[in-house]
Each structure stands twice: as C-alpha cells, then as structure tokens.
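A closer look at the structure
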Amino acid sequence: MRQHLELYDFQPSCVTLRQEVIQGLQKPQKELPSKYLYDEVGSKLFSQICELEAYYPTRTELQIMDENMEEIAALLGTDCLLIEYGSGSSLKTRRLLNALNRPTAYVPIDISKEYLMDAALELALAYPDLEVLPVCADYTGDFPIPVSSLQVRQRVGYFPGSTIGNFDPDAARDFLWQIARTCAGGGLLIGVDLKKDFNMLHLAYNDPEGITARFNLNLLTRLNQELATDFQLDQFGHYACYNPGASRIEMHLVSLCEQTVHLEEWAFPFRRGESIWTESSYKYTLDEFASLAVSAGFCVERVWTDPYQLFSIQYLSA
Ligand code: AVI
C-alpha cells in the first residue's frame, strides 16, 4: 500500500483569480469563470447537488453506467492509465475502477487541492494496487500528465457529469481536441447531458432545497475571503433559466439593489437587477454532440442512454 501520495501541483495562483475577476466584472455583461465555483466549500455543495432529487444528471448517469458497465469495461480494456478531468469526489470513478480489468494508474485532475488530495488518498487506500497520481490544475490549461512507473497500454480520458456542457461550443471543441491529443491511440469516456423538457431542466438548477443557490452564492464568499472583495451576500440572488435559442442553462447572481463592490482600488457598480453570469450548461442532441466530437478529432465508438434519453455516456476513440 502506498502511504504517501505525491501531488503534481499546477494550481492557478491567486493572481490568475484576481485578473480574471477584474476582467470579468468590467464586461458589459459581468461574468466570472465557472471553474471558480469549485473551492473546497463549492465542491462539497456540488456533491450535495448531485444527491438532489431534482438534479437528474448524476443518478441517470450512474444508472446508465451500472447497466452497461461490462461493455464499458471491455471497451476500455486492460492496463490503462485513466485520466479524470475534474475528479471531485471520484464517486463515479470507484464504480468504473471496480469494473475495469487491471487498471494500472489513475490520474485525478482537480482545481481544488484539499478536495483532490482527500479523494485521492481515500482511493489509494481502497485500491492498493492502483498507482494514484493526483494533479492539482485547471484541467483546461497546459500541464504535463504524470508518467506511470508501470506498464501502460493506453491512455483513457474520463470526463463524466456532462461537465463538457459548462464549456461554450468553441471552447468545448478546443478542450476535446486537447484530450484527443493527450489520449491519442486510446479514447475518452464522457458523460453528455441531452436536450429535454424545459421544466425538468429548470427544476434541476432551481432545487427547492436551495443548494444550487448556495453553490452559486458561495462564489462571492470565496472572492471576499481570497481577494478581500466586499460583496454583500444578502444583496445578491441566485437566478437560473434555460435559454432554448442557445441550448443552455444560464446561471447568474443578480444584484438586488444598486450597489458598488470593491476589489483593492477597483470599484464595480451594479444596477438593481444587473447580473454576474456565473455558469452556462449546454445541452446537446446526440447528433449535435457527434458533430462536435468528430470536429475535435474523435470517432464516436459507442453511445449509451437511459430509456427517457435524458443523459448519455459515450466512448470516443482518439
Ligand atoms: C459540473 N456541471 C456539469 C454541473 C452542471 O449541471 O452544469 C454544474 C452545476 N451547476 C449547477 N448545478 C450543477
């Protein structure tokens, strides 16, 4: 058993966060990158979202996975280096690792260092024969993938949860292209959320328990803590709606009054009702996603869905 895990640390600095916040709050439509929703508290809140009745993607993806695990494992084959982009709690990974025949190494990549290390350590203890190589990074960035000390037959990317939906289409293609290069000769197992009834989508991002609202507002708490901004949390509200023309959920933080927020010498005025756009979550048809995957250099090998076609898991070869 490996008692100690080496961390490959490429965590973006506070300077990057500060720059992106200043840039984003100066835009006519204020915006903040959704990756900053995932500090330690945000990651925990997101795990709670995944348990919600209203949030169908997680349980549907798990159900599809469970029903098709044998076939999925057979496609991935033996002796692979599994690279998970945005590993979070690595919950789905355990099911995959249980089914995989002799996975050799696992590279979880996440931006939240504490969360990553906790999850990686738990996994290393649960799978003593697996080489766990945690990487703290913004997974869309440029960083080297650690080399396994063991014999690896192919690299397989794992990107569940339809996190690809949080990328605008051009950025999604660029990111998939980057994975296709990293995993050339192997493939990518990816979860993709599908277009559906608008009301179901609305409920998933406006849960009655208010966890998604807390997740969204936590971004402002984080900025107050890490950059000493002076956001008044009770003066902003969570707002999420589906934009059918753009095929995406848009999540915002809406200013409930006229106010000014400060970051050092910078002042950012808000009108009442003006919002900060914090996240997009694109929904695809199977054909739309196939075009995207092909344009990024992948070949769609296999698609699994649930009986209501709410969600899909796809294996793309690179
Ligand atoms: C991580 N990602 C796929 C989630 C989604 O559904 O877009 C993030 C999320 N935002 C609010 N609820 C869940």
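Overview of the structure. Here the structure is a predicted model, which is why all the values come from computation and not from measurement.

About the cut-offs
Residues numbered from 1 in each chain as written. Predicted model: local features only at pLDDT ≥ 70, side-chain atom pairs only at ≥ 80, totals over all residues. Heavy atoms only, no water. Near = heavy atom within 4 Å. Polar contact = N/O pair within 3.5 Å; in protein donor to acceptor, adjacent residues only side chain to side chain. Areas by Shrake-Rupley, 256 points an atom, 1.4 Å probe, with all protein chains shown as cover. Helix = DSSP H or I, 4+ residues; strand = E, 2+ residues; numbered from the N terminus. Nonpolar A, V, L, I, M, F, W, Y, C, P; charged D, E, K, R; others polar. Pairing = 2+ DSSP bridges. Contact = heavy atoms within 4.5 Å. Axes fitted to C-alpha atoms, helices over the stretch in contact; angles between N-to-C directions. Expected span 1.5 Å × (residues − 1). Buried < 20%, exposed > 50% of the residue type's maximum accessible area, 1.4 Å probe, protein only. Arc of directions from axis to C-beta. Phe/Tyr/Trp six-rings, centres within 6.5 Å; stacked < 30°, edge-to-face > 60°. Lys NZ or Arg CZ within 6 Å of the ring centre and 35° of its normal. Parallel < 35°, antiparallel > 145°, perpendicular 65-115°, else oblique. Left-handed = near helix turned anticlockwise from the far one by under 90°.

Here we look at the site of the ligand
Near the ligand, the surroundings consist of 13 residues, among which Tyr 55, Asn 166, Tyr 205, Glu 279 and Ser 281 are the closest. Between the ligand and the protein, one listed contact pairs a nitrogen atom with a side-chain N or O atom of Asn 166 at 2.9 Å. At 2.6 Å from a nitrogen atom of the ligand is found a side-chain nitrogen or oxygen belonging to Glu 279. Burial of the ligand by the surrounding chains reaches 97%, relative to a free accessible area of 340 Å². Residue assignment for the shell around the ligand shows that the elements contributing at least two residues are α2 (40–50), α8 (211–227) and β13 (275–282). Among the residues making up the shell around the ligand, the classes are represented as six nonpolar, six polar and one charged.

Regarding the sheet that holds strand β10 (residues 248–255)
Read from one edge of the open sheet, four strands run β2-β13-β10-β9, paired in mixed fashion. Here the strands that pair on one side only, and so sit at the sheet edges, are β2 (30–31) and β9 (236–243). Examined bridge by bridge, β9 and β10 share eight bridges and lie antiparallel to one another. Looking at β10, one finds that Gly 237 is bridged to Val 254. Of the strands in this sheet, β9, β10 and β13 touch α8, which is tilted by about 60° from β10.

Notes on helix α5 (residues 113–126)
For α5, which comprises 14 residues, the first-to-last C-alpha distance of 20 Å matches the rise-based estimate of 20 Å (1.5 Å per residue) to within 8%. Taken residue by residue, α5 has Tyr 115, Leu 116, Ala 119, Ala 120, Leu 123 and Ala 124 as its buried positions. Along the axis of α5, the buried positions cluster into a sector of 155°, meaning they face one direction only. Here the buried face of α5 lies against α2, α4 (91–99), β4 (105–110), β5 (131–132) and β6 (135–137).

Let's talk about helix α6 (residues 169–182)
Relative to the 20 Å expected for 14 residues at 1.5 Å per residue, α6 spans 20 Å between its end C-alpha atoms, a close match to the ideal helical length. Of all the positions in α6, only Ala 172, Phe 175, Leu 176, Gln 178, Ile 179 and Ala 180 are classed as buried.

Observations regarding the environment of Val 156
As for its position among the elements, Val 156 is in strand β7 (residues 154–159). When its relative accessible area of 0% is taken as the criterion, Val 156 is described as buried. Along the sequence, Val 156 and Ile 109 sit 47 residues apart, while their C-alpha atoms lie 13 Å from each other. When near neighbours in sequence (up to four residues on either side) are disregarded, Val 156 contacts Leu 76, Cys 80, Leu 81, Leu 82, Ile 83, Cys 183, Gly 187 and Tyr 315.

As for the packing of aromatic side chains
Under the definition given, this model contains 19 aromatic pairs. A centroid spacing of 5.4 Å and a plane angle of 80° characterise the contact between Tyr 284 and Phe 289, whose relative ring orientation is edge-to-face. Across the pair, Phe 289 and Tyr 284 agree in class, each one buried. Over the ring of Phe 270 we find Lys 30, and its NZ or CZ is 4.7 Å from the ring centre.

Some remarks on the packing of α2 against α8
At a minimum axis separation of 9 Å, α2 and α8 run at an interaxial angle of 160°. Here α2 is positioned roughly antiparallel relative to α8, judged by the angle of their axes. Relative to α8, α2 is oriented so that their crossing is left-handed. Counting all contacts with α2, which are made through Val 41, Gly 42, Leu 45, Phe 46, Gln 48 and Ile 49, the residues of α8 involved are Ile 211, Thr 212, Arg 214, Phe 215 and Asn 218.

Geometric values such as these leave the question of function open.
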